[in-house]
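The lines below spell out each chain.
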Amino acid sequence: MNLSARMIIVLTTVGLISGGFLAGVAKLTKEKIALNIQAEIEEAIQEVVAGAEINQVLHEEDDLVIYKETKGDGELVGFALQATGVGFQDKITLMFGLDAPLKNITGLTIISQSETPGLGAKIEDWDAFLQFWQNRDATGPLTLRKPPARTAEDLSRSEINTITAATISSQKVLGIVNFSIERLRQLIQQGTIAVEEKDGN
Amino acid sequence: MATKSIGSEYLKGLWDENPVFRQLLGMCPTLAVTGTVITGIAMGLATTFVLILSSIVVASIKKLIPAQVRIASYIVVIASFVTIADQVLKAYFYPISEALGPYVPLIVVNCIILGRQEAFASKNSIGRSFVDALGMSSGFVLALLILSSVREILGAGTFLGYQVMGAWFKPWIIMILPAGAFITLGILLGIALLIESKTKRS
């Protein structure tokens, strides 16, 4: 057998065997991986919308997924928005909750980020950042408080504390949230998604 | 080569030819994922899995592969095992897989692995290649463990997530940043060279 034929046969065989192996492994792990991602999203929703039992995807686009959250008996408890945007170093994916009348942000949690460890990565930290996202005003754009207030009570309801030495990361998260709320309003106005009980306060 | 005992074939990976401290191979994962001990160990074990299995496969098929396409074939073998490791981590160790991020797929281009195939597994028996891969992996895990311990303890005051430093301790944030990786690696390499020169003289 000449050399070229041997090279072709060997490389093809190696490729086919490894391809076959990988197809098998992918089949075995695919379901479990999907479940893991699902579980992560559900856990994040639980953190930001209290009492959510059933998640229903209302709308899905590139960097935004809107979930409608209801209790087991169908009572609307709020909305969860999963949004992705550019951070200081890489993309930040977060989940935040809105109450049923779309007037308040109920909470925020970070799903994935690769901000600077020890600085920007504090956007995941409850004491440094996430606690300020509870019960915020969602009727207008939120602003950053800099220098940061000492306690959550010192902030107005439309303000978020800046993380010291991580202004950009704080700003990026704020930007993603403001943008997502704006987009949600737009979608409602266009009639793309229907939200019941808008005046339910 | 064949004159070496199996024991020394294993031990050389730990010190004399330690992939990180002596050969300076695999620097990318060494620097990138040693911010915490758990990611360091996970990276070490994933690399171990890939290195051992690739060495066994390469050593068993070495006679069938024409020299001209050997690197391509090795890479396909390595990439297959890396993909398996990545999928298994994602399926069963999801948080660790998230923490390691793109560095698991990047094991494909870890020079330790291709280097061992080219320098050892393609010229030695399956048994010897296995022992060599085991030794090199142990050396790699050991290096990552030392580096990540220093960085996590000084950078966060914790070890494997448990608080080990008292409340007085202010974490040195630089240690968990990329600069801390270079500083720690540099100091450890210096220590390794110092030990080497001391033992040679005596």
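Here is what the cut-offs are and how they apply
Residues numbered from 1 in each chain as written. Chains lettered and ligands numbered in written order. Predicted model: local features only at pLDDT ≥ 70, side-chain atom pairs only at ≥ 80, totals over all residues. Pairing = 2+ DSSP bridges. Helix = DSSP H or I, 4+ residues; strand = E, 2+ residues; numbered from the N terminus. Contact = placed C-beta atoms within 7 Å. Nonpolar A, V, L, I, M, F, W, Y, C, P; charged D, E, K, R; others polar. Core = buried A, V, L, I, M, F, W, Y, C linked by C-beta atoms within 7 Å. Buried ≥ 20, exposed ≤ 12 C-beta atoms within 10 Å, placed from the backbone. Axes fitted to C-alpha atoms, helices over the stretch in contact; angles between N-to-C directions. Parallel < 35°, antiparallel > 145°, perpendicular 65-115°, else oblique. Expected span 1.5 Å × (residues − 1). pLDDT = per-residue confidence, 0-100.

On to the pairing of strand β5 (residues 104–112) of chain A. All names here are of chain A. By the bridge criterion, 6 bridges tie strand β4 (residues 91–99) to β5 in an arrangement that is antiparallel. The residue of β5 that forms the bridge with Thr-93 is Ser-112. Sheet analysis places β5 next to strand β6 (residues 136–137), joined by 2 bridges and oriented antiparallel. Pairing of Ile-105 across the sheet is with Arg-136, part of β6.

The next point concerns the interface of chain A and chain B. Taken together, the contact between chain A and chain B spans 22 residues of the former and 23 residues of the latter. The element that contributes the greatest number of residues to the side of chain A that touches chain B is helix α1 (residues 3–48) of chain A, accounting for 16 residues. Its residues placed into classes, the side of chain A that touches chain B shows 12 nonpolar, 8 polar and 2 charged.

We now examine the nonpolar core. Most often, soluble globular proteins have nonpolar side chains that are buried together. Ala46(B), Val50(B), Leu51(B), Val77(B), Ile78(B), Phe81(B) and Ala85(B) are the most contacted members of the largest nonpolar core, which has 39 residues in total. Among the elements that line this core, the one with the most residues is helix α3 (residues 37–61) of chain B, at 9 residues. Those residues in contact with Val50(B), other than ones at most four positions away along the chain, are Ile78(B), Phe81(B), Val82(B), Ala85(B), Ile107(B) and Ile113(B). Counting 36 residues, the second largest nonpolar core, distinct from the first, contains Val48(A), Leu81(A), Leu102(A) and Phe129(A).

It is worth spelling out the packing of α1(A) against helix α4 (residues 70–92) of chain B at this point. The geometry of a pair of packed helices is captured by two quantities: the angle between their axes and the separation between those axes. With their axes 8 Å apart at the nearest point, α1(A) and α4(B) run at an angle of 10 degrees to one another. With respect to their mutual orientation, α1(A) and α4(B) come out roughly parallel. A class-by-class count of the residues in the contact of α1(A) with α4(B) yields 14 nonpolar, 8 polar and 2 charged.

A few words on helix α2 (residues 167–190) of chain A. Residues and elements named next belong to chain A. Between the first and last C-alpha of α2 there are 34 Å, a value that for 24 residues agrees with the 34 Å anticipated at 1.5 Å per step. Within α2, burial applies to Ser-169, Ser-170, Lys-172, Val-173, Ile-176, Val-177, Ser-180, Ile-181 and Leu-184. Looking at the buried side of α2, the elements it contacts are β2 (64–70), β3 (76–86), β4, β5 and β7 (143–145).

Further remarks concern unusual backbone geometry. Outside of glycine, negative phi angles account for most residues, and trans bonds account for most peptide bonds. Lys146(A) connects to Pro147(A) through a cis peptide bond whose omega is 0 degrees. With respect to the helices and strands, Pro147(A) occurs in the loop between β7 and β8 (159–161). The phi angle at Leu102(A) is positive, at roughly 60 degrees, despite the residue not being glycine. One can find Leu102(A) in the loop between β4 and β5. Residue classification places Leu102(A) among the buried residues on the basis of 20 C-beta atoms within 10 Å. The phi dihedral of Leu160(B) is positive, around 55 degrees, even though this residue is not glycine.

A separate point is the environment of Glu42(A). Within the secondary structure, Glu42(A) sits in helix α1. With 11 residues separating them along the chain, Glu42(A) and Glu53(A) place their C-alpha atoms 9.4 Å apart.

Once that is clear, we can look at the sheet that holds β6(A). All names here are of chain A. Ordered by their spatial adjacency, 6 strands build an open sheet running β1-β2-β3-β4-β5-β6, and the pairing between neighbours is antiparallel. The open sheet terminates on both sides in strands that have one partner only, identified here as β1 (54–61) and β6. Contacts between α1 and the sheet are confined to β1, β2, β3, β4 and β5, with β5 contributing the most and set at about 150 degrees to the helix. Along the sheet face, α2 touches β1, β2, β3, β4 and β5 and points at about 125 degrees away from the line of β3.

Next up on the list: the confidence of the model for chain B. In this model, chain B carries a mean pLDDT of 90, and residues with pLDDT of at least 70 account for 98%. Reported confidences for the modelled complex are a pTM of 0.82 and an ipTM of 0.79.

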